[in-house]
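Each chain, letter by letter, is given below.
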Amino acid sequence: MGLWRISADVLAGSRFVVSPLAETVASLAAFGGQHATSAAQREWLRAHGPTLRARWGDDPFALPFLHAAIRPGWIADFLVKPPRADDPAFADELARLAATSDADALADIAEEYDRPVPPVLREPGLVGRAVELIAWTWEHTLAGDWPRRRRVLQADVVARTERLSSGGWAAVLEGLRPGMRWLGDGRLQVNTYDYPPRAVTGGRLLFIPTTAPRGWVAWEEPGDTHALVYPCRGWLAEPTTARAPAPLARLLGPVRAEILQLLLDAPKSTTQLVALTGHGLGSVGGHLRVLHDAGLVQRRRSGRSVLYYRTRLGADLAGSPQ
């Protein structure tokens with residue numbers, strides 16, 4: 001199994017980071033067709049698959065690259081370098097990827113490959129063409145929706161950090177991604193592959209949510225930065241379905257209606273709702289008080305968090321089951 005031995009200092013100083021490049025690579029993995037897809041990714045493919053196929057379907061580089069660099073159970077290292085900033089910009093992450101030499105990228109792709117690397121990937125300009133593919137995918141299928149996606153991913157981070165405050169790192173890490181288990185005594189099983197153990201005793205440890213259903217692990221040396229990319233548990237609803245119905249918004253006001261709509265699937269804390277809506281803490285808290293006083297939501301404590309959920313009256317008013 002893939003085992004990481006993590007020192008207490010590294011674990012205590014670890015960070016959750018939202019990475020636009022990681023989300024783009026996860027989306028390209030879905031487009032390449034060799035990784036399992038989540039419901040959110042299938043929704044993205046329905047919306048953007050025709051555009052992607054029109055641009056890249058006949059390209060002699062794109063699909064051979066995706067099939068070689070993003071294989072079942074494997075992603076070439078140069079595509080998944082851990083971010084260096086806590087809130088990385090896509091352009092900065094892409095610039096780091098672009099600084100990879102063709103020789104290093106080819107070596108990453110060829111690692112543990114059970115067949116010859118396609119000739120088109122051995123031609124000069126491998127990294128430049130990969131950057132073009134990634135940048136185009138970001139610009140045409142993800143950038144416009146990134147503010148919403150980022151809020152959903154940040155809401156997942158909020159939920160994890162709230163769990164950290166109540167249950168410690170063992171509660172957060174157990175089952176963070178398929179195959180992951182906290183074994184105690186600083187031992188983290190990151191996957192079920194038969195790899196030698198890694199000592200994570202210095203540098204940075206990052207946890208990165210994406211819409212990929214399994215995620216991946218990554219590290220960069222020198223620098224000793226390790227990353228665990230894990231599946232976001234939140235549903236990335238389309239903006240039209242995330243928005244409250246117009247009659248409900250007229251009755252309650254748009255923000256209160258939106259909050260009531262966001263409580264459809266599961267109880268949420270105030271900080272989660274702040275991350276999902278983009279509204280300030282005071283604003284969300286005030287609207288929750290009004291909804292609570294009106295009997296549309298109720299609250300309960302979970303560890304150190306207070307979770308809000310819809311009452312039957314709130315569910316009936318929103319036109320969906322409690």
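Let me begin by describing the structure that accompanies this report. (Residues numbered from 1 in each chain as written. Predicted model: local features only at pLDDT ≥ 70, side-chain atom pairs only at ≥ 80, totals over all residues. Heavy atoms only, no water.)

Here Thr 277 shows up in helix 12 (residues 270-277). Separated by 2.8 Å, the side chain of Thr 277 and the backbone oxygen of Leu 273 make a polar contact. In this structure the side chain of Thr 277 is engaged in a polar contact, spanning 3.2 Å, whose partner is the backbone nitrogen of His 279. (Helix = DSSP H or I, 4+ residues; strand = E, 2+ residues; numbered from the N terminus. Polar contact = N/O pair within 3.5 Å; in protein donor to acceptor, adjacent residues only side chain to side chain.)

What follows concerns the packing of aromatic side chains. Evaluation of the coordinates by the stated rule reveals 11 aromatic pairs. Ring centres 4.5 Å apart and planes at 10° place the aromatic pair Phe 90 and Trp 138 in the stacked group. Here the residue Phe 90 occupies a position in helix 5 (residues 90-98), and Trp 138 occupies one in helix 7 (residues 126-142), the gap between them amounting to 48 residues. Trp 138 shares its class with Phe 90; the two are buried. These aromatic residues form a ring-pair network of at least three members: Phe 16, Trp 169, Phe 207 and Tyr 230. Lying over the aromatic face of Trp 136, Arg 55 brings its terminal NZ or CZ to 6.0 Å of the ring centre. (Phe/Tyr/Trp six-rings, centres within 6.5 Å; stacked < 30°, edge-to-face > 60°. Buried < 20%, exposed > 50% of the residue type's maximum accessible area, 1.4 Å probe, protein only. Lys NZ or Arg CZ within 6 Å of the ring centre and 35° of its normal.)

Attention shifts here to the environment of Arg 187. Relative to the assigned elements, Arg 187 resides in strand 6 (residues 187-191). Classification of Arg 187 by relative accessible area gives partly exposed; the value is 26%. Here the alpha-carbon distance between Arg 187 and Ile 6, two residues 181 residues apart in the chain, equals 6.3 Å.

Let us now look at helix 7. For helix 7, spanning 17 residues, the distance from its first C-alpha to its last is 23 Å, which sits close to the expected 24 Å at 1.5 Å a residue. Here helix 7 has its buried residues at Leu 126, Val 127, Ala 130, Val 131, Leu 133, Ile 134, Trp 136, Thr 137, Trp 138, Thr 141 and Leu 142. On its buried side, helix 7 packs onto helix 2 (20-32), helix 3 (39-56), helix 4 (62-69), helix 5, helix 6 (102-110) and helix 8 (146-173). (Expected span 1.5 Å × (residues − 1). Contact = heavy atoms within 4.5 Å.)

Moving on to the packing of helix 2 against helix 4. Axis separation between helix 2 and helix 4 bottoms out at 10 Å; the angle between their running directions is 105°. On the basis of the axis angle, helix 2 is roughly perpendicular to helix 4. Where helix 2 approaches helix 4, its residues Leu 28, Phe 31 and Gly 32 are matched on the opposing element by Leu 63, Leu 66 and His 67. Across the contact of helix 2 with helix 4, the residue classes tally to 4 nonpolar, 2 polar and no charged. (Axes fitted to C-alpha atoms, helices over the stretch in contact; angles between N-to-C directions. Parallel < 35°, antiparallel > 145°, perpendicular 65-115°, else oblique. Nonpolar A, V, L, I, M, F, W, Y, C, P; charged D, E, K, R; others polar.)

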